[in-house]
Amino acid sequence: MEIRDNENVCIFAPLSSKLDQYESTRILNKISKETREIALDLRFVQDCTIDFIETLRKISANKKIGIFNIPSDIFVLFNVMHMDKTVKLFVSETDFEEDTRQLINRQFSIV
């Protein structure tokens, strides 16, 4: 796992292509010790399990977390699971740093 530190932001970039229970536990342990704002860079990730999503839900209950560079398959899964309501989703790292252009799934319906 690659960790990039800044003055007020800590960015975690998992190097594994699949985020399973083992990787989720590692991420949870690292993030739980962190006091700064947290972000996950999913640039190298291609697949994730339900364990990762449940871990994100646990983390977001106590801390603000941002996620960027999300692969399209995982992004669809996040939308279906309504993860945009619990964590902040961004397209790129600069969007996260500037806290602009957040990805939100608006579920419009025609009445």
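Here's what I pulled together on the structure shown here. Position numbers for residues start from 1 in each chain and track the written sequence from start to end. For a predicted model such as this one, the threshold for reporting local features is a pLDDT of at least 70, and the threshold for listing and counting side-chain atom pairs is 80 or more; totals across whole chains, interfaces and linings nevertheless cover every residue. Here the side-chain values reflect all heavy atoms present in the structure, with hydrogen atoms and water set aside.

### A closer look at the overall build of the protein chain
Definition in use: Secondary structure follows DSSP: runs of H or I at least 4 residues long count as helices, runs of E at least 2 residues long count as strands, and numbering of each begins at the N terminus. In this treatment the radius of gyration is a C-alpha quantity, and the globule benchmark scales as 2.2 Å times the residue count to the 0.38 power. Accessibility here uses a 1.4 Å probe with only protein chains present; expressed as a share of the type maximum, an area under 20% marks a residue as buried, one over 50% as exposed, and anything in between as partly exposed. Every residue pair with non-hydrogen atoms within 4.5 Å of one another is taken to be in contact. His is not counted, nor are the chain ends, whereas Lys and Arg count as positive and Asp and Glu as negative. Note that the charge is assigned to NZ on lysines, CZ on arginines, CG on aspartates and CD on glutamates.
When helices and strands are counted, the protein chain shows four helices and eight strands. For the protein chain, the N- to C-terminal ordering of α and β elements is β-β-β-α-β-β-α-β-α-β-α-β. In summary, the protein chain has a C-alpha radius of gyration of 14 Å against a globular reference of 13 Å for 111 residues, a match within 12%. In terms of its C-alpha atoms, the protein chain occupies a principal-axis envelope of roughly 45 × 30 × 25 Å. The buried share of the protein chain, taken over its 111 residues, is 37%. Put simply, of all contacts in the protein chain between residues at least 6 apart along the chain, 63% involve residues at least 24 apart. If the 15 positive side-chain charges of the protein chain are averaged to one point and the 18 negative ones to another, these points end up 4 Å apart.

### Section: the sheet that holds strand β1 (residues 2–5)
Test applied: Only strands that DSSP links by at least two bridges are regarded as paired with each other. Only C-alpha atoms enter the line fits that serve as axes; for helices the fit covers just the stretch in contact. Angles between N-to-C directions range over 0 to 180 degrees.
In spatial order, the strands read β1-β2-β4-β6-β7-β8; together these six strands make up an open sheet with mixed pairing. At either margin of the open sheet sits one strand with a lone partner, and together these are β1 and β8 (102–103). Note that strand β6 (residues 65–68) and strand β7 (residues 88–90) share two bridges and pair parallel. Note on β7: the bridge partner recorded for I67 is L89. Those strands touched by helix α1 (residues 21–32) are β1, β2 (9–13), β4 (37–41) and β6, and its axis lies near 155° from that of β4.

### What to know about α1
Rules: Take the residue count of a helix, subtract one, and multiply by 1.5 Å to get its expected span. Directions from the helix axis toward the C-beta atoms define the arc.
Along its twelve residues, α1 runs 16 Å from first to last C-alpha, staying within 8% of the 16 Å computed at 1.5 Å per residue. Of the residues making up α1, those classed as buried are E23, S24, I27 and I31. An end-on view of α1 places all buried positions within 100° of arc, on one side of the element. Seen from the buried face of α1, the exposed residues on the opposite side, beyond 90 degrees, are Q21 and Y22.

### Digging into the nonpolar core
The test is simple: Here, nonpolar core refers to any group of buried Ala, Val, Leu, Ile, Met, Phe, Trp, Tyr and Cys residues whose side-chain atoms link them within 4.5 Å.
Within the largest apolar cluster, 22 residues are counted, with the highest numbers of intra-cluster contacts made by L40, L42, F52, I67 and F78. Listed by contribution, the elements that provide at least two residues to this core are β2, α1, β4, α2 (50–62), β6 and α3 (72–80). Broken down by element, the residue count for this core peaks at four residues, all from α2. Contacts of L40, omitting those with residues within four sequence positions, involve F12, I27, I31, F52, L56, I65, G66, I67 and F68. Counting six residues, the second largest nonpolar core, distinct from the first, contains V9, A39, F68 and F90.

### Thoughts on the side chain of D95
Inspection of the secondary structure puts D95 in helix α4 (residues 93–98). Note on D95: relative accessible area 5%, which makes it buried.

### Considering the environment of L15
Summarising the element assignment, L15 is placed in the loop between β2 and β3 (18–19). Residue classification places L15 among the exposed positions, given a relative accessible area of 52%. Considering only alpha carbons, one finds L15 and L42, 27 residues apart in sequence, at a separation of 8.5 Å.

Geometric values such as these leave the question of function open.
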